Amino acid sequence: MWCRRLACLLRVPCQLSGSTRHRSPWLPRDGRTVLAAAPRWHHMAPESLKCAWQLHGDHLELRYANTLMRFDFVWLRDHCRSASCYNAKTNQRSLDTASVDLGIKPKAVRVDETTLVLTWPDGHVTRYGLEWLVKNSYEGQKQQVMHPRILWNAEIYHQAQVPSVDCRSFLETDEGLKEFLQNFLLYGIAFVENVTPTKEDTEILAERISLIRETIYGRMWYFTSDFSRGDTAYTKLALDRHTDTTYFQEPCGIQVFHCLKHEGTGGRTLLVDGFYAAEQVLRQAPEQFELLSKVPLKHEYVENVGDCHNHMIGVGPVLNVYPWNNELYLIRYNNYDRAVINTVPYDVVHRWYAAHRTLTTELRRPENELWVKLKPGKALFIDNWRVLHGREAFTGYRQLCGCYLTRDDVLNTARLLGLQA
Ligand SMILES: C[N+](C)(C)CCCC[C@H](N)C(=O)O
Ligand SMILES: O=C(O)CCC(=O)C(=O)O
Ligand SMILES: [Fe+2]
């Protein structure tokens, strides 16, 4: 309940779907009435009014479990789960989709209490469970979220009292790992406690949930304020909230931080839920949310320091949403690394700056800021596609180690433990 309700807040009413394409074909269109050939609803036995279907020129319409679904005929042929079309052992399609006539129509259609049965012109029979269709239809997907989340500001996060997971339980039990991953998926951040403060022990943690993503910064990195790289992260300066590696075509999915040493003052870590802020933008100004999700931008990293020569460019909008349900899945926000804007005309640029300002205002609200002091022994995992991080300026010697993780593999681990990810 927690997840569904809050995650739903992230879904935008789709402004692009009001076209006539989605209108029922038997309803008057453009003021004209659809005449005689209007399709007819076939109901199952009178006692099961929950299912009805009708055939149209190019698709089948099915009402089941309060969902009105429309299926293209090629789709229905392509997804056939018969033994000759689909290998249920490997979950792979055997049917060559290119061999299906794009004008294909079923020769016969029958629906009983549980199953839709289609006979194709060549005599091949396709059966679909009605429950399977609800789960796998576009209309069914549209009503669901891919990633249940709890959006937070500082108060929501504190009140939830999300526990840190103990290192041993994380490494040695499935329950510990699952609890950690559930917290991570819901909040976009999670802590492991009582970790031995070394790079090697941090690496073992990372490898428990994923593969380490090696980048231009190395596999496992150490960093201090030694100016060894051409980036402000390697200084003592404050860093405003941002996501990392915005200049990669696919920004790193997860960032791991473990502070191994700090003898000095300051240096607290700032965390802000980017999706919570984006959600506020959506409520206040949906057209600005839409602009942030449509306007492509470049981020860039140019480095020429010592032996390090790098030039990275990543392209994409600030907000990335799934087009079928408008659910946010990635925020790319780094004002330091944002490149010259040359991908949009001047008038769009101005509206984009206004939208960016609205988002920045939300991201900077003090009540949205979670401040934590990272200490040796406490490792922090951050969803770099959702939660922004920053840091306070500091004095003294401070050493952080960590790594990036490949997102697919974190989600893989979570799914194998039975979590929705
Ligand atoms: C974490 N580590 C110190 C290795 C790299 C820092 C990368 C900093 C860069 N400005 C970015 O935001 O991507
Ligand atoms: O020093 C820190 O706490 C974080 C610096 C930073 O943003 C990074 O390494 O990505
Ligand atoms: Fe960073």
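Note that the structure is a prediction, hence the values are computed from the model and not measured.

Conventions used here
- Residues numbered from 1 in each chain as written.
- Chains lettered and ligands numbered in written order.
- Predicted model: local features only at pLDDT ≥ 70, side-chain atom pairs only at ≥ 80, totals over all residues.
- Heavy atoms only, no water.
- Helix = DSSP H or I, 4+ residues; strand = E, 2+ residues; numbered from the N terminus.
- Buried < 20%, exposed > 50% of the residue type's maximum accessible area, 1.4 Å probe, protein only.
- Near = heavy atom within 4 Å.
- Polar contact = N/O pair within 3.5 Å; in protein donor to acceptor, adjacent residues only side chain to side chain.
- Areas by Shrake-Rupley, 256 points an atom, 1.4 Å probe, with all protein chains shown as cover.
- Contact = heavy atoms within 4.5 Å.
- Pairing = 2+ DSSP bridges.
- Donors = N, O, S within 2.8 Å, 3.2 Å for Na, K, Ca; no water.
- pLDDT = per-residue confidence, 0-100.
- UniProt positions renumbered as here; feature names shortened; annotations may be inferred.
- Phe/Tyr/Trp six-rings, centres within 6.5 Å; stacked < 30°, edge-to-face > 60°.
- Lys NZ or Arg CZ within 6 Å of the ring centre and 35° of its normal.

## Some words on unusual backbone geometry
Inference 1: Even without a glycine there, the phi angle at Asn-194 is positive, about 65°.
Inference 2: Residue placement: Asn-194 occurs in the loop between β11 (189-193) and α8 (199-209).
Inference 3: Judged by relative accessible area, which is 56%, Asn-194 ranks as exposed.
Inference 4: Its identity as a non-glycine residue notwithstanding, Asn-326 has a phi of 60°, on the positive side.
Inference 5: With respect to the secondary-structure elements, Asn-326 resides in the loop between β19 (319-321) and β20 (328-331).

## Focus on the site of ligand 2
Inference 1: Residues in contact with ligand 2, as listed here, are Phe-223, Ala-233, Leu-239, His-242, Asp-244, Gln-255, Phe-257, His-389, Arg-391, Arg-398 and Leu-400.
Inference 2: A distance of 3.1 Å separates an oxygen atom of ligand 2 from a polar side-chain atom of His-242.
Inference 3: In this structure, an oxygen atom belonging to ligand 2 sits 3.5 Å away from a side-chain N or O atom of Gln-255.
Inference 4: Here ligand 2 loses 95% of its free accessible area of 290 Å² to cover by the protein chains.

## Some thoughts on the environment of Leu-95
Inference 1: In this structure, Leu-95 sits in the loop between β6 (92-93) and β7 (108-111).
Inference 2: In the structure, Leu-95 is positioned 232 residues away from Glu-327 in sequence and 32 Å away in space, judged by C-alpha atoms.
Inference 3: When neighbours within four sequence positions are excluded, Leu-95 is seen to be in contact with Arg-77, Asp-78, Cys-85 and Val-100.

## A word on helix α9 (residues 274-284)
Since the α-helix packs 3.6 residues into each turn, any two residues three or four apart lie on the same face.
Inference 1: Within α9, nine of the eleven residues are buried, leaving the element largely enclosed by the surrounding structure.
Inference 2: Regarding α9, the residues found buried are Gly-274, Phe-275, Tyr-276, Ala-277, Ala-278, Glu-279, Gln-280, Val-281 and Leu-282.

## Considering the sheet that holds strand β1 (residues 42-43)
Hydrogen bonding along the main chain pairs the strands of a sheet, whether they run parallel or antiparallel.
Inference 1: Pairing is antiparallel in the open sheet, where four strands are placed in the order β1-β2-β3-β4. Lying at the two open borders of the sheet, with one neighbouring strand each, are β1 and β4 (67-72).
Inference 2: Two strands pair when backbone bridges link them, and strand β2 (residues 51-55) and strand β3 (residues 59-64) are joined in this way by five bridges, in the antiparallel orientation. Bridged to Leu-55 within β3 is Leu-60.

## Quick look at the coordination of the iron ion (ligand 3)
Inference 1: Of the protein atoms, only His-242 (NE2), Asp-244 (OD) and His-389 (NE2) coordinate the iron ion (ligand 3), at distances of 2.1 Å.
Inference 2: One chain supplies every donor to the iron ion (ligand 3), and in sequence these donors are spaced H-x1-D-x144-H. Residue Asp-244 is located in the loop between β14 (239-242) and β15 (254-263), and its partner His-389 is located in strand β23 (residues 387-391); the two are separated by 145 residues in the primary sequence.
Inference 3: Classification of His-389 by relative accessible area gives buried; the value is 5%.

## Side note on the confidence of the model for the chain
Inference 1: Taken over all residues, the pLDDT of the chain has a mean of 91, while the share at 70 or more is 90%.
Inference 2: Strand β16 (residues 269-273) holds the highest mean pLDDT among the elements of the chain, 99, whereas helix α1 (residues 2-8) holds the lowest, 34.
Inference 3: Low pLDDT (under 50) marks residues 1-36, which in the prediction has 63 contacts with non-local residues, meaning those over four places away or in another chain.

## Focus on the UniProt feature "domain: TauD/TfdA-like" (unreviewed entry) in the chain
Inference 1: Those places that UniProt annotates as "domain: TauD/TfdA-like" (unreviewed entry) correspond, in this numbering, to residues 161-404.
Inference 2: Spanning residues 161-404, this segment combines 28% helix with 32% strand, and its end C-alpha atoms are found 26 Å apart.

## Here we look at the environment of Leu-151
Inference 1: Among the structural elements, Leu-151 can be located in the loop between α4 (138-142) and α5 (154-160).
Inference 2: For Leu-151, a relative accessible area of 2% gives the class buried.

## What about the packing of aromatic side chains?
For any pair of aromatic rings, the description consists of the separation of the ring centres together with the inter-plane angle of the planes.
Inference 1: A complete count under the given rule lists 20 aromatic pairs for this structure.
Inference 2: Relative to Tyr-353, the ring of Trp-352 lies with its centre 5.4 Å away and its plane at 70°, an arrangement referred to as edge-to-face.
Inference 3: Among the aromatic residues, those joined into a ring-pair cluster are Trp-221, Phe-223, Tyr-234, Phe-257 and Tyr-404.
Inference 4: Between the NZ or CZ atom of Arg-63 and the centre of the ring of Trp-41, over which it lies, the distance is 4.6 Å.
Inference 5: Over the ring of Trp-371 we find Arg-268; its NZ or CZ atom is 4.6 Å from the centre of that ring.

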